[in-house]
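# Understanding the architecture of this molecule
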Amino acid sequence: MADVLKKVPVREQEAKVRATNFEEVCYGYDKEEAVEEAVRCLNCKNAKCIQGCPVAINIPGFISKVKEGDIEGAYKVIGESSALPAICGRVCPQESQCECKCIRGIKGEPVSIGKLERFVADYALEHDIKPQKAEKMNGHKVAVIGSGPSGLTCAGDLAKMGYDVTVFEALHELGGVLVYGIPEFRLPKEKVVKKEIEKVKELGVKFETNVVIGKSTTIDQLMEEEDFEAVFIGSGAGLPMFMGIPGETANGVFSANEYLTRSNLMKAFDDNYDTPIAAGRKVAVVGGGNVAMDAARTALRLGAEVHIVYRRSEAELPARVEEVHHAMEEGIIFNLLTNPKEILVDENGWVRGMRVIKMELGEPDASGRRRPVEIPGSEYEMELDTVIMSLGTSPNPLIASTTKGLETNRRKCIVAEEENGQTSKACVYAGGDAVTGAATVILAMGAGKAGAKGIHELLSNK
Ligand SMILES: Cc1cc2nc3c(=O)[nH]c(=O)nc-3n(C[C@H](O)[C@H](O)[C@H](O)COP(=O)(O)OP(=O)(O)OC[C@H]3O[C@@H](n4cnc5c(N)ncnc54)[C@H](O)[C@@H]3O)c2cc1C
């Protein structure tokens, strides 16, 4: 008999094999495995897991449908709260949200809520189960800027309430970080992201690509000349940060965003595309977050020996535990407690290495984490031909600088109310990374929902 204290294990591609391809790492549950895992759910009356979910999915509700084998019913329950479950089932940090609240987790492993969500959502995509559309339109026109998870969620929720919604996207592809940032081997684009965006289109949302708000047109023009009654800004935080060390402008230095965009969006990994990418023989990725893991695992699959260079220890790595585990299994070399001092450049202007210094952990800093301190005399050189900087991102100032009366803070983030997304400008709402700085898909979705609620409160009272 299966051990109820443990999750039903999920099948994955073998580490050695997957390190050489871009196919999805995790295969997910089949129906039999999903039902077996669902049976572990205790269906708590006061379900703490729901409190852990930023979009408050009725988790015991959908899991009991899975137990009964009613997968379409389970999808309907999830669909009341989330428009992107196949995506969230793959990339949400469940271990620090719903699953960390699961009562099963006190004595054993929590219920595998993320993998169950993924199973239900994939089933709905495979069987083309339609989302619930609005019965009638209410005549109000709303613009959404950006087609990442915050914009898609806001647009989907408003469309379900009968609003006429148009999403304006700067890029030629829809999805934001879901398409240009998170790699194919974690989040398949054709099989998952595009299909889930199709479901948002089926709700009646219109999309216009290649429209850069702040250049092609402005928020003020959308409202004054094109009769949009409210605007939601979900423009993300796509502007990369650098360290400011010598050599950072050399050829062969990338921001993680640029590196990943070349691979994911411009398909540099695919021989049928001629997008240049310095695949590199020896690559260092500076940083320890999810983005750093994605860049490192992409470089590995492009054939490089890959080093993570991170100034704190393994315990402080900000990336998801699952991502760190996968990266280690695949053969990424972790240079922990190590910090770059200079990028070494050859006579032709290309990276030839990096001078780094060993660190130790001192007293806790303002973030509560122990501050890394240099160990004098411990500098050494790494021989490299590519350096990828993954130090975080901030919002692009374009929208704020072209919209009258839109307040931002000193981190260039748009200032907005948490519960309804209201900004300093009337009828303009915002949410997701544009407001919080780089965060997570599910928090962006939660902010999109809050924005939709705020806009509905505004326009339904008009
Ligand atoms: C490589 C990488 C890996 C990540 N991995 C994870 C993960 O595993 N789990 C997780 O939860 N989170 C992860 N994140 C974070 C997560 O993807 C983001 O927090 C989330 O996508 C933010 O959503 P958003 O809608 O606010 O913005 P975005 O997804 O950034 O979307 C913003 C959209 O707005 C568009 N836009 C910007 N400016 C304009 C303009 N002026 N006019 C029109 N359109 C504009 C952009 O082109 C983009 O499409 C990762 C991020 C990165 C970069």
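Model, not experiment: these values are computed from the prediction.

## Section: the site of the ligand
In the neighbourhood of the ligand, 34 residues make up the surrounding shell, with V91, S150, E169, R186 and I213 lying closest. In this structure, I213 approaches the ligand through a main-chain N or O atom, which is 2.9 Å from a nitrogen atom. At a separation of 2.9 Å, an oxygen atom of the ligand approaches a polar backbone atom of D433. Notes on the ligand: free accessible area 1,000 Å², of which the protein chains cover 93%.

## What to know about helix α14 (residues 290-301)
Between its first and last C-alpha, α14 extends 17 Å over 12 residues, near the 16 Å set by a 1.5 Å rise per residue. Most of α14 sits out of view: 10 of its 12 residues are buried.

## A short note on the nonpolar core
Among the nonpolar cores identified, the biggest contains 70 residues, and I59, F62, I63, I87, V120 and I455 are the most heavily contacted of them. Of the residues forming this core, the biggest block, seven residues, is contributed by helix α8 (residues 113-126). Residues from two domains meet in this core; each of domain 1 (11-127) and domain 2 (141-238 + 395-460) gives at least three. Those residues in contact with I59 that sit more than four places away from it in its chain are C49, I50, C53, C98 and I113. Counting residues in each nonpolar core, the second largest holds 27 residues, with Y259, M293, V306 and F334 among its members.

## Observations regarding the domain arrangement of the protein chain
Its domain assignment divides the protein chain into domain 1 (11-127), domain 2 (141-238 + 395-460) and domain 3 (240-392). Each side of the interface is counted separately: domain 1 has 25 residues, and domain 2 has 25 residues. Taken together, the two surfaces of domain 1 and domain 2 that pack against each other cover about 2,200 Å², and 72% of this comes from carbon and sulfur. Together, L84, I87 and L125 form the three largest contributors to the area buried by domain 1 at its contact with domain 2, with a combined 28%. In this structure, E24 engages K191 in a salt bridge whose closest nitrogen and oxygen atoms are separated by 3.4 Å. On inspection of domain 1 and its partner domain 2, the count reaches six residue pairs in polar contact (both at pLDDT 80 or more). Every element with two or more residues in the side of domain 1 that touches domain 2 is listed here: α5 (71-79), α6 (85-91) and α8. Element by element, the count of residues in the side of domain 1 that touches domain 2 is highest for α6, at six residues. Tallied by class, residues from the side of domain 1 that touches domain 2 come to 17 nonpolar, four polar and four charged.

## So, the sheet that holds strand β6 (residues 230-233)
Taking strand neighbours across the sheet as the criterion, the five strands line up as β5-β4-β3-β6-β18 in an open arrangement whose pairing is parallel. Looking at the sheet topology across the chains shown, the edges are occupied by β5 (206-208) and β18 (428-430). Sheet twist, expressed as the average angle between the axes of neighbouring strands with direction ignored, equals 20°. The sheet contact formed by strand β4 (residues 164-168) and β5 spans three bridges and is parallel. Each residue of the ladder has a partner; that of F168, found in β5, is E208.

What counts, and at which threshold
Residues numbered from 1 in each chain as written. Predicted model: local features only at pLDDT ≥ 70, side-chain atom pairs only at ≥ 80, totals over all residues. Heavy atoms only, no water. Near = heavy atom within 4 Å. Polar contact = N/O pair within 3.5 Å; in protein donor to acceptor, adjacent residues only side chain to side chain. Areas by Shrake-Rupley, 256 points an atom, 1.4 Å probe, with all protein chains shown as cover. Helix = DSSP H or I, 4+ residues; strand = E, 2+ residues; numbered from the N terminus. Expected span 1.5 Å × (residues − 1). Buried < 20%, exposed > 50% of the residue type's maximum accessible area, 1.4 Å probe, protein only. Core = buried A, V, L, I, M, F, W, Y, C linked by side-chain atoms within 4.5 Å. Domains from an automatic or database assignment. Contact = heavy atoms within 4.5 Å. Buried area = accessible area lost by both parts, 1.4 Å probe. Salt bridge = Lys/Arg side-chain N within 4 Å of Asp/Glu carboxyl O. Nonpolar A, V, L, I, M, F, W, Y, C, P; charged D, E, K, R; others polar. Pairing = 2+ DSSP bridges. Axes fitted to C-alpha atoms, helices over the stretch in contact; angles between N-to-C directions.

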